[in-house]
Amino acid sequence: MSGPLVSAPGKAFLIGEYAVLEGATAVVTAVDCRAHAQRSPSRPSHVTEVVEAAHASVSAYLKDRGLPSPGPVPTVDTGGFRLGSRKIGLGSSAAVAATVVGFLLAQAGVEIGGVDGRKVAYGLAREAHRRAQGGGSGADVATSVFGGTLRFADGEVSPATLPQWLRIGFVDAGAPASTASFVRLVREAAVTDPDPYAQAMADLRGASEDFLAALGGDGPSESFALLGRAVERHNRGLRSLQNLSGAPILTPTIERIIAVAAEVGLAAKPSGAGGGDLVVVFSRSQAALDVLGDRLRRDHGIDLLAALKAGADGLRLERHAPRCSRIAGLFRLPLADRRRAVAAACDLDIAGFDVLDSGALGLEQAEHLIENVIGVLELPIGVATNFRVNGVDYLVPMSVEEASVVAAASNAAKMIRAGGGFVAHSDPPWMIAQIQLTRGDSPHDAAAAVGQIEAERGNLLQLAEVVHPRLVARGGGPRAIEVRVLSEDMLAVHVVVDCRDAMGANLLNTIAETLAPRLQALSGWTVGLRILSNLADRRRTHVTARIPPSALASRGWDGSKVVDGIVSASRFAELDPYRAATHNKGIMNGIDAVVLATGNDWRAMEAGAHAYAAQDGRYRPLAIWRKGADGWLEGQISVPMAIGMVGGATHVHPVARLAIEILGCRSSAELGQVMAAVGLASNLAALRALATEGIQRGHMSLHARTLAVGAGAVGPEIEALSALLIDSGEIKQERATAILRELRKTEKSAAQA
Ligand code: MEV
């Protein structure tokens, strides 16, 4: 790529919706899903009105200053604004206007990162956005350009500072409605019912004032209480507007989120015009947001968008293009070129790929990993292509000895990409430490022992906190103590611990060992085991995907028939544990390969996955497939994800470190989402093959390639020899060698003729 690479964030309203249209102050924050603009080698196939308008604005600006016209429109990527095929209401069109203007200005030599450059960009982007979208307050464009958090009133923008104690979360409230029509309905209500409208507006305006007062308030407790009242008042105003106008601003899902947030002591309101889409939640701690996220997912199937962060940076130049996981024909390249292609796509130094040469894990390092070392076992590591999760592309390192696993995952990821890619959410990174207590000859029965422990919960949590101050400083730490009665003479005490980016085994075991004597003293029961649980059901990853039938069609198989076949295969696994075991084995083909490549504990992963699959007493498939109302195939997987990005082999093994760099994941939650996506893709690939031509054909063609290479075929010979080998019906090494000999003889005589 040559030319600048420019990005701008999306936005979310914190307060002031509707009232801003009547001159009240809105507070809007930039969120770090970004639109990216870069030079396109040819005219982009789809150029939106906003892009055209942004180009026209900059052209006029440059012309007025006697500067040369800008180049052609850039390519704009807004993948981060999507959850699969659905766009979330984070102001993507404003971000597009800001990005395109920023790109063209940067190309003309304007410094867009500074205050003056951003002011110019804001003026041009606002004008372009207004022209293309026909109106709007401009708050979204301002936020995309300036970033951070802004106050916005009567077109005037000024920075707002969010207090240190405030944590902001966002919840996905489902499909957005057309908010433009909401504003029209509300405006009509202002004319037909002026008095109640004025009352509703007074509430909304007052809410905005109270909110601003809370941001500048004295102590966290009073300020948070004031903020909570402001949010309640805002929601009251919205309910009145809804009654007056008939616009469904507070959908049942939004009302549920508000109610659950209130139950856990948090304040929530729709962000934007309402009608679905986004809800913003205010909290004083990440831990409280995690509790809300957990409850919403478990009890209501609603997801916290945990990766969305408020206060993102505004319009800026980027050093690297976002990773693109579509590298056509990667498998055809010679190995050295393949490495170069992956390094280039990930913007990594190719020299760092030397660790992939055999012998990278030296015997000395191996000696430090385990005992009685006699050598090192090597396994191939490949890279799966086409993965897009929550709008972000990933090239996925996979280490596995089984042929076809990497190819199948890449192939299925391509089909899923056709439907917008994977949508992923994670539970908070909560793991469980277990302490076993047995009654022995204690006079206290189970109920009494449980009572003693529960009464001391607060102190026990404090004690657990002291064990790992660094974890607490990183935002993790103990979250809950739960006591389970396993029989009248056995209890299991669970300490739920937020492990942040660590897998957590050591943290958990230390906490269990520290709390054990205290628990024994409290209950009078005897301590037994003190160890983590690998049934990590509080730390699951959830991934969904939707695939259009056309993407599933293959060699004589109609796409909708393939959908039916896969749904039936899913049902088979749901009804039969014998099939479910094989179904899940196919899922773990993908997950384990990434777990291994990133130096994570695959035994923990396996134990957790299968225990979870059998959690309700019957062994079940981890992923299931259904046919949507529109005929698309819909898949979902939920799987415990006890993995980490810090500590252990992830840190020590040079290949694991490179694998993490290739992935580009910044948190264990993100890494777990990619792993679960690979599991779902592997399952799709297997079911699609099984429901159509059977698994052997694909396996055999890959096996034929391996034999062709083994026989000494190089370059185009590999494809030709594999095809001949399959046609021969005898896929064996001797046959490959013989055919290659024949092939070369024929080529030689053809060349001489
Ligand atoms: C083979 O490694 C995995 C499969 O058996 C999975 C499945 O049957 O779903 C193909």
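Residues numbered from 1 in each chain as written. Predicted model: local features only at pLDDT ≥ 70, side-chain atom pairs only at ≥ 80, totals over all residues. Heavy atoms only, no water.

**Remarks on the overall build of the chain**
Formally: The helix count covers DSSP runs of H or I at least four residues long, the strand count covers runs of E at least two residues long, and both are numbered beginning at the N terminus. Our radius of gyration looks at C-alpha atoms and nothing else; its globule reference is 2.2 Å times the residue count to the power 0.38. Only protein chains enter the calculation, and the probe is 1.4 Å; a residue is then buried if its accessible area is under 20% of its type maximum, exposed if over 50%, and partly exposed in between. Whether two residues touch is decided by their heavy atoms; if any such pair falls within 4.5 Å, the residues are in contact. A 1.4 Å probe and the Shrake-Rupley method give the accessible areas. Residues count as covered only by the protein chains that appear here.
Scanning the chain from N- to C-terminus turns up 26 helices and 22 strands. For 753 residues, the compact-globule estimate of 2.2 N^0.38 gives 27 Å, and the C-alpha radius of gyration of the chain, at 29 Å, lies within 12% of that figure. Taken along the three principal axes of its C-alpha coordinates, the chain extends 90 × 90 × 50 Å. Looking at the chain as a whole, 49% of its 753 residues qualify as buried. Relative to all contacts within the chain whose residues are 6 or more apart in sequence, the contacts with residues 24 or more apart total 73%. In the form shown here, the chain has an accessible surface area of approximately 33,000 Å², with 53% of it arising from carbon and sulfur atoms.

**Comments concerning the pattern of salt bridges**
Where charged atoms of side chains with opposite charge meet at close range, the side chains can pair. Counted only if it meets this: Should a side-chain nitrogen of Lys or Arg be within 4 Å of a carboxyl oxygen of Asp or Glu, the pair is scored as a salt bridge.
If you walk through the whole model with that rule in mind, you get 42 salt bridges. When the shortest N-O distance is used, the salt bridge between Arg-34 and Glu-318 registers 3.7 Å. One end of the pair, Arg-34, is in strand β2 (residues 26-38); the other, Glu-318, is in the loop between β12 (316-317) and α10 (335-345), with 284 residues separating them in the sequence. Take Arg-34: its relative accessible area is 10%, and that puts it in the buried class. Two residues, Arg-735 and Glu-730, come together in a salt bridge whose shortest N-O distance is 3.4 Å.

**Here's the deal with the domain arrangement of the chain**
Rules: Segmentation into domains, and thus their bounds, comes from an automatic or database assignment. Summed over both partners, the accessible surface that disappears when two parts come together, traced with a 1.4 Å probe, is what is meant by buried area. Any N or O atom pair separated by 3.5 Å or less is treated as a polar contact, with the protein-specific requirement of one donor-capable and one acceptor-capable atom, and with residues adjacent in sequence counted only for side-chain atom pairs. Each residue gets one label: Ala, Val, Leu, Ile, Met, Phe, Trp, Tyr, Cys and Pro are nonpolar, Asp, Glu, Lys and Arg are charged, and the others, such as Gly, are polar.
Structurally, the chain comprises domain 1 (6-304), domain 2 (330-427 + 540-683), domain 3 (430-532) and domain 4 (697-752). Its C-alpha centre places domain 2 at a distance of 34 Å from the equivalent point of domain 3. Listed per partner, the contact involves nine residues of domain 2 and five residues of domain 3. Carbon and sulfur atoms supply 59% of the area buried between domain 2 and domain 3, which totals about 520 Å² over both sides. On the domain 2 side of the interface with domain 3, the three residues burying the most area are Ala-642, Val-646 and Ser-668, jointly 59% of the side's total. At the junction of domain 2 with domain 3, the criterion picks out zero salt bridges. Applying the counting rule to domain 2 against domain 3 returns four residue pairs in polar contact (both at pLDDT 80 or more). Looking at the side of domain 2 that touches domain 3, its residues break down into five nonpolar, three polar and one charged.

**Topic: the sheet that holds strand β21 (residues 623-627)**
Paired through their backbone hydrogen bonds, the strands of a sheet run either parallel or antiparallel. Put simply, the test is: For two strands to be treated as a pair, DSSP must find at least two bridges joining them. Axis lines are fitted to C-alpha atoms, over the contacting stretch for helices. Their N-to-C directions set the angle, which ranges from 0 to 180 degrees.
Spatial strand order, β15-β20-β22-β21: four strands in an open sheet with antiparallel pairing. The sheet is open, and its two borders are formed by β15 (423-426) and β21, each paired with just one other strand. Each adjacent strand pair in this sheet contributes to an overall mean axis angle of 15°, direction not counted. Note: β21 against strand β22 (residues 633-640), five bridges, orientation antiparallel.

**Some points on the packing of aromatic side chains**
Quick reminder of the rule: Only centres within 6.5 Å qualify two rings of Phe, Tyr or Trp (six-membered ring in Trp) as a pair; their planes then separate them into stacked at under 30 degrees, edge-to-face at over 60, and tilted for everything else.
The full count for this structure, using the stated rule, is four aromatic pairs. Considering the side-chain rings of Phe-211 and Phe-282, the 5.4 Å spacing of their centres and the 65° angle between planes classify their relative orientation as edge-to-face. Remark: Phe-282 occurs in strand β10 (residues 278-283) and Phe-211 occurs in helix α6 (residues 194-215); sequence separation between them is 71 residues. Each of the two residues, Phe-211 as well as Phe-282, counts as buried.

**Quick look at the sheet that holds strand β17 (residues 477-487)**
Pairing is antiparallel across the open sheet formed by four strands, whose spatial order is β17-β18-β16-β19. The strands lining the two open edges of the sheet, one partner per strand, are β17 and β19 (526-532). Each neighbouring strand pair of the sheet contributes to a mean axis angle of 20°, computed without reference to strand direction. Pairing of strand β16 (residues 430-438) with β19, which is carried by five bridges, proceeds in the antiparallel orientation. In the strand pairing of β19, Leu-437 is matched with Val-527.

**Quick notes on the environment of Ala-95**
With respect to the secondary-structure elements, Ala-95 resides in helix α2 (residues 92-107). Sequence separation between Ala-95 and Gly-314 is 219 residues, and the spatial gap between their C-alpha atoms is 9.6 Å.

**Some points on the site of the ligand**
Where we set the bar: Residues are classed as near a molecule or strand on a simple rule: at least one heavy atom within 4 Å of it.
Contacts to the ligand come from Glu-402, Arg-579, Thr-582, His-583, Lys-585, Gly-586, Asn-589, Ala-686, Leu-690 and Ile-695. Contact between the ligand and Glu-402: an oxygen atom at 2.6 Å from a side-chain N or O atom of the residue. Burial of the ligand by the protein chains amounts to 85% of its free accessible area of 300 Å². Taken together, the elements giving at least two residues each to the shell around the ligand come down to α19 (577-597) and α23 (668-691). No other element matches the six residues that α19 contributes to the shell around the ligand. Taken together, the residues of the shell around the ligand sort by class into three nonpolar, four polar and three charged.

**Quick look at helix α25 (residues 716-728)**
Short version of the rule: Given the number of residues in a helix, its expected span is that number minus one, multiplied by 1.5 Å. To obtain the arc, one takes the directions from the helix axis to the C-beta atoms.
Look at α25: 19 Å from first C-alpha to last across 13 residues, which is about the 18 Å you get at 1.5 Å a residue. The set of residues buried in α25 consists of Glu-717, Ile-718, Leu-721, Ser-722 and Leu-725. Viewed along the axis of α25, the buried residues span an arc of 125°, placing them on a single side of the element. In α25, the exposed residues that point more than 90 degrees away from the buried face are Pro-716 and Asp-727. If you follow the buried residues of α25, they end up packed against α24 (695-710) and α26 (733-752).

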